[in-house]
Amino acid sequence: MPEWPDLAVVRRRLQAALVGRRIAHASELQPLVLRLPVMGPLERVAAGRTLSAVEHRGKFLTLALDDGGQFVINPMLTGVLALTRRRDACIRIEFDGSANLDYVDPKRMGKVYYVPPGVARETSVPGYANLGPDASLEGVTAQDFAAKGRARRCEVRNLLLDPTFIAGIGNAYADEILWAARLHPKRPAKGLSAQEWNTLYAAVRDVLAEAELHVERDLPPGLGTKIRDHVQVRGRAGQPCPRCAALIVRRHLGYMETDFCPRCQPDPSGLFPVPEPGRGW
Ligand SMILES: [Zn+2]
């Protein structure tokens, strides 16, 4: 599942490998992924264009072309970009000089939108217009973060996942951030203290920056895979907490699951005590 740190690293790799290169061919090898609002094949809008920039915001990567056209990629849970040729590619963009970019998505959950020159991403890519600040929190102060968060009537984990609040945090890093901030996932956002808001703000930045370093170190040059070995609590239910050695628990929150440490992340209100193993909330 590509999350913010994966996309941050992929953006830098694509920037270094592909920007300034001319597209020789572009082909749609598997249907259901590409959203092309113009007549004709992908080849017609892309071939001959030069890639001018690669941008990352939230869960979207944008490949900007020199004529003003853009490809906006939302990989969702399963999409992966690869600089190597993959047998299972859905979309392949071949550049002069034998550079190559494949979009691979075995479950076809992700989407690749082509946005023609003169058209805004906000009007043509679902979800783009309502994006909040990027999860890097660049330009967002701790005070703004707390003020906007306090105004929401939701639990703190759902707040982190809401792309209109911060764009780019998924289930895995929501759990990691809450563990780092020692916050129970079901704490109501409006009930956090000033100190807890400061801690949460720092945790968002620190956890993502640290994860980005790990991904940068472990992601192979050709990309095409996901790196998630550095997590502390996500997917580690039943294992000892790295901080206090209590066993990490997994609980359902609606249709999602959350992993956390019941000792490091208690609910001070006592409204949501951690139940016996095997029971619900
Ligand atoms: Zn713990």
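This one's a predicted model, so the numbers in the text were calculated from it and none came from an experiment.

**A look at the coordination of the zinc ion**
For the zinc ion, the full set of protein donor atoms is Cys241 (SG), Cys244 (SG), Cys261 (SG) and Cys264 (SG), and the range of their distances to it is 2.2 to 2.4 Å. Spacing between the donor residues of the zinc ion along their common chain follows C-x2-C-x16-C-x2-C. Here Cys244, found in the loop between helix 7 (194–218) and strand 10 (249–253), pairs with Cys264, found in the segment after strand 11 (256–260); they are 20 residues apart in sequence, far enough to count as distant. Assessed through its relative accessible area of 22%, Cys244 is described here as partly exposed. Residue class for Cys264 comes out buried when judged on its relative accessible area of 8%.

**Structural notes on the pattern of salt bridges**
Per the stated rule, a full pass over the model turns up 18 salt bridges. For Arg22, the salt bridge identified is with Asp96, shortest N-O distance 3.1 Å. In this pair, Arg22 sits in the loop between helix 1 (4–18) and strand 1 (23–28) while Asp96 sits in the loop between strand 7 (89–95) and strand 8 (100–104), placing the two residues 74 residues apart along the sequence. Overall, Arg22 belongs to the partly exposed group, its relative accessible area being 39%. Of the residues examined, Asp96 reaches a relative accessible area of 32% and is grouped as partly exposed. For Asp259, the salt bridge identified is with Arg250, shortest N-O distance 2.7 Å. What emerges from the salt-bridge pattern is a single network uniting Arg12, Arg13, Glu212 and Glu216.

The rules behind the values
Residues numbered from 1 in each chain as written. Predicted model: local features only at pLDDT ≥ 70, side-chain atom pairs only at ≥ 80, totals over all residues. Heavy atoms only, no water. Donors = N, O, S within 2.8 Å, 3.2 Å for Na, K, Ca; no water. Helix = DSSP H or I, 4+ residues; strand = E, 2+ residues; numbered from the N terminus. Buried < 20%, exposed > 50% of the residue type's maximum accessible area, 1.4 Å probe, protein only. Salt bridge = Lys/Arg side-chain N within 4 Å of Asp/Glu carboxyl O.

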